[in-house]
Amino acid sequence: MASKSPDLMERIVSLCKRRGFVFQSSEIYGGFNSCYDYGPLGAELKRNVKNAWWQAMVTGREDIVGLDSAIIQHPAIWQASGHLAGFADLLVDCRVCKGRFREDHLEQKGVCPNCGGKGDLTEARAFNLMFKTFAGPVEDASHTVYLRPETAQGIFTNFVNVVNSARMKPPFGIAQIGKSFRNEITPGNFVFRTREFEQMEMEFFIPPGEDDQWYEYWIKQRHEWYVRFGVRAEKLRLRKHDDDELAHYSTGCTDVEYEFPFGWSELEGIAKRGCFDLTQHSEASGKDLSFFDEAKKERYLPHVVEPAAGCDRAAMTFLVDAYDEEKLVDQKSGKEDVRTVLHFHPQIAPTTTAVFPLVKKEGMPEKAKEIQGILQAAGISSFYDQKGAIGRRYRRQDEVGTPWCLTVDGDTLSEGTVTIRDRDSMKQDRCPVADLVEEIRTRVRNWKRE
Ligand code: GAP
């Protein structure tokens, strides 16, 4: 990946730490490479990303159901799925500087990217990316288990359970959000590539022959999802995999990519998996995983189209895309100022509203707390802040992407109205407290990226 705008990425990482989006994991022990913890705002951001995905993929549709399968599964699953044999990166070692690198990441074949040594790289060796551990107290080969490297296999192995219990028939999908683990050789770019991450995957089971039509459908749907939640369309592109890039199970794959400060990179892949997984698990388990179509009196192994996204990558994309440093000029003094703002979609923003009493007296704090309570009871998240000048309070909320700040002043007490200050336009309007919940809901629905 080309390094295009490292300063921007550094400023975003610094904001994430300062305001409690993302912390380096195990920081008090000097940090632990490639692991991150999500702080109070990051936890809300990630939860909102997952809710937006789940709503679009499961609760907002009739043809997809959810699943929450185990992380540690029968080791035979990874044998059958091909992950034990094929889920590996090819690595080369430099004999001079002792560095270890992915062969497909070398800028020049045979040249060490660290010390520049030529002809000192070893032959490539396969390195399996699955984390191994032991189930139970005996640490030997017969007790070896793996942390799942994708959530998908839990879906395939539960295919018949779901068909029978939820009475689903193809075309239908099973969706799952959960942690996956890969012993990545070159983690990096903040939360973009880590060894522990969350995936949002959906396996869509279809009658054989409908592969291309559903593949195109899901590419379109998934691209639109990012745009719907505020990502600028010009920062997204679709990239079809070359044949030599395809995973061992796939016959076609298109990535949704985003132009990060470090270059275009994959957010999610939409893959045609054919009947590879159900065939493998049928053969290895000896269980019939085919589907019987009652209407057509036909039995077949469904094919699969899979949109597989990363929750951390999606959260990072929403953050990077929302980030802006706006130059403002004060009308009166002519003084220039920079406003750091996150233009999040209101459903992605960690907090929807902030409530401020204009001053800390005359009953304003009490009224502001009362309004915060009304909003929270209506399911609208709300943050209370009474510290510092009002302008500074607005700026603090801009920096974490809160779409609307509500200020309680003298008129609130006498007339029952509050000021709503919009994060993006910085425009202020007055609204009766009695209409506030509906007003915020309408603004959430109508929000558009400027
Ligand atoms: N079941 C298919 C599958 O796992 P993948 O392309 O390897 O496909 C899907 O992974 C998504 O999971 C990726 O597009 C990415 O968003 C996310 N992902 C994969 N490896 C990751 C890592 N090391 N760190 C963060 N996210 C990762």
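Numbering of residues begins from 1 in every chain and follows the order in which that chain's sequence is written. Given that this is a predicted model, residues contribute local features only at a pLDDT of at least 70 and side-chain atom pairs are listed and counted only at 80 or more, while totals for whole chains, interfaces and linings are drawn from all residues. Water and hydrogen atoms play no part in the side-chain values, which are based on all heavy atoms of the structure.

Engineer: What am I meant to see in the packing of helix α10 (residues 364-377) against helix α13 (residues 436-446) here?
Structural biologist: Between N-to-C directions, angles span 0 to 180 degrees; the directions come from axes that are lines fitted to C-alpha atoms, helices contributing only their stretch in contact. Only DSSP runs of H or I with at least four residues qualify as helices, and only runs of E with at least two residues qualify as strands; both kinds are numbered from the N terminus onward. Relative to each other, α10 and α13 sit at 55 degrees, their axes nearing to 10 Å. Relative to α13, α10 is oriented oblique. You can see that α10 and α13 cross each other, and the crossing is right-handed. Contacts from I371, I374 and L375 of α10 reach α13 at L436, V437 and I440. Classifying every residue of the contact of α10 with α13 gives 6 nonpolar, no polar and no charged. An angle counts as roughly parallel when it lies under 35 degrees, as roughly antiparallel when it exceeds 145, as roughly perpendicular when it falls between 65 and 115, and as oblique in every other case. Put simply, a crossing is left-handed when the front helix is turned counterclockwise from the back one by less than a right angle, and right-handed when it is turned clockwise. Contact definition: two residues touch when any of their heavy atoms are within 4.5 Å. Note that Gly is not counted as nonpolar here; it falls among the polar residues with everything else outside the nonpolar set of Ala, Val, Leu, Ile, Met, Phe, Trp, Tyr, Cys and Pro and the charged set of Asp, Glu, Lys and Arg.

Engineer: Would you mind going over the sheet that holds strand β23 (residues 428-432) with me for this structure?
Structural biologist: Strand pairing in a sheet relies on backbone hydrogen bonds. The paired strands run either parallel or antiparallel. For two strands to be treated as a pair, DSSP must find at least two bridges joining them. The 5 strands are arranged β20-β19-β21-β22-β23 in an open sheet whose pairing can be described as mixed. Because the sheet does not close on itself, it has two edges, and the strands there are β20 (382-384) and β23. Neighbour-to-neighbour, the strand axes of this sheet turn through a mean angle of 30 degrees, independent of strand direction. Relative to β23, strand β22 (residues 417-422) runs antiparallel, the two sharing 5 bridges.

Engineer: Looking at this structure, I do not really get the sheet that holds strand β10 (residues 196-206). What am I missing?
Structural biologist: On the basis of which strands lie adjacent, the open sheet formed by 7 strands has the order β3-β9-β10-β16-β13-β12-β11 and mixed pairing. Since the sheet does not close on itself, it has two edges, and those belong to β3 (64-67) and β11 (236-240), each with one partner. Across this sheet, the average inter-strand angle for adjacent strands is 25 degrees, counted without regard to direction. As paired elements, strand β9 (residues 172-181) and β10 share 10 bridges and run antiparallel to each other. Looking at the pairing, F172 lines up with F205 of β10. Contacting β3, β9 and β10, helix α6 (residues 159-166) crosses the sheet at an angle of about 135 degrees to β9. Packed on one face of the sheet, helix α7 (residues 211-228) meets β3, β10, β11, β12 (252-260), β13 (263-274) and β16 (303-310) and runs near 150 degrees to β13.

Engineer: Please explain the packing of aromatic side chains as it appears in this structure.
Structural biologist: Each Phe, Tyr or Trp ring, with Trp reduced to its six-membered ring, pairs with another whose centre is within 6.5 Å; inter-plane angles below 30 degrees give stacked pairs, above 60 give edge-to-face pairs, and intermediate values give tilted ones. Throughout the structure, instances matching the rule amount to 21 aromatic pairs. Plain terms: the ring middles of Y36 and F190 are 5.3 Å apart, the flat faces sit at 75 degrees to each other, and that makes the pair edge-to-face. Taken together, the residues span a long stretch of sequence, with Y36 in strand β2 (residues 36-38) and F190 in the loop between β9 and β10 at a distance of 154 residues. Exposure is judged per residue with a 1.4 Å probe applied to protein chains only, and the accessible area is read against the type maximum: over 50% gives exposed, under 20% gives buried, and values in between give partly exposed. Using a relative accessible area of 24% as the deciding quantity, one classes Y36 as partly exposed. On the basis of relative accessibility, which here comes to 12%, the residue F190 falls in the buried class. By the ring-pair criterion, three or more aromatic residues cluster together here, those being F156, F159, F172 and F205. In this structure, K369 packs its charged tip against the face of Y384, placed 4.2 Å from the ring centre. Charge over a ring is defined by NZ of Lys or CZ of Arg lying within 6 Å of the ring centre and within 35 degrees of the ring normal.

Engineer: When you look at the site of the ligand in this model, what are you seeing that I'm missing?
Structural biologist: Within the structure, the ligand sits among 21 residues, and E150, R182, T194, E201 and E266 are positioned closest to it. Polar contact is defined as a pair of N or O atoms within 3.5 Å, subject to the rule that within protein one atom must be able to donate a hydrogen and the other to accept it, and that residues adjacent in sequence are counted only when both atoms are side-chain atoms. One of the side-chain nitrogen or oxygen atoms of E184 is found 2.8 Å away from a nitrogen atom of the ligand. At a separation of 2.5 Å, an oxygen atom of the ligand approaches a polar side-chain atom of E266. Methods summary: accessible areas were calculated by the Shrake-Rupley approach with a probe of 1.4 Å, and residue burial reflects only the protein chains presented. Protein contact buries 90% of the 550 Å² of open area that the ligand shows by itself. Listing elements by their share of the shell around the ligand, those giving two or more residues are β10, β13 and β16. Among the elements that line the shell around the ligand, the one with the most residues is β13, at 5 residues. Taken together, the residues of the shell around the ligand break down into 7 nonpolar, 4 polar and 10 charged. The rule for a residue being near a molecule or strand is that one of its heavy atoms must lie within 4 Å of it.

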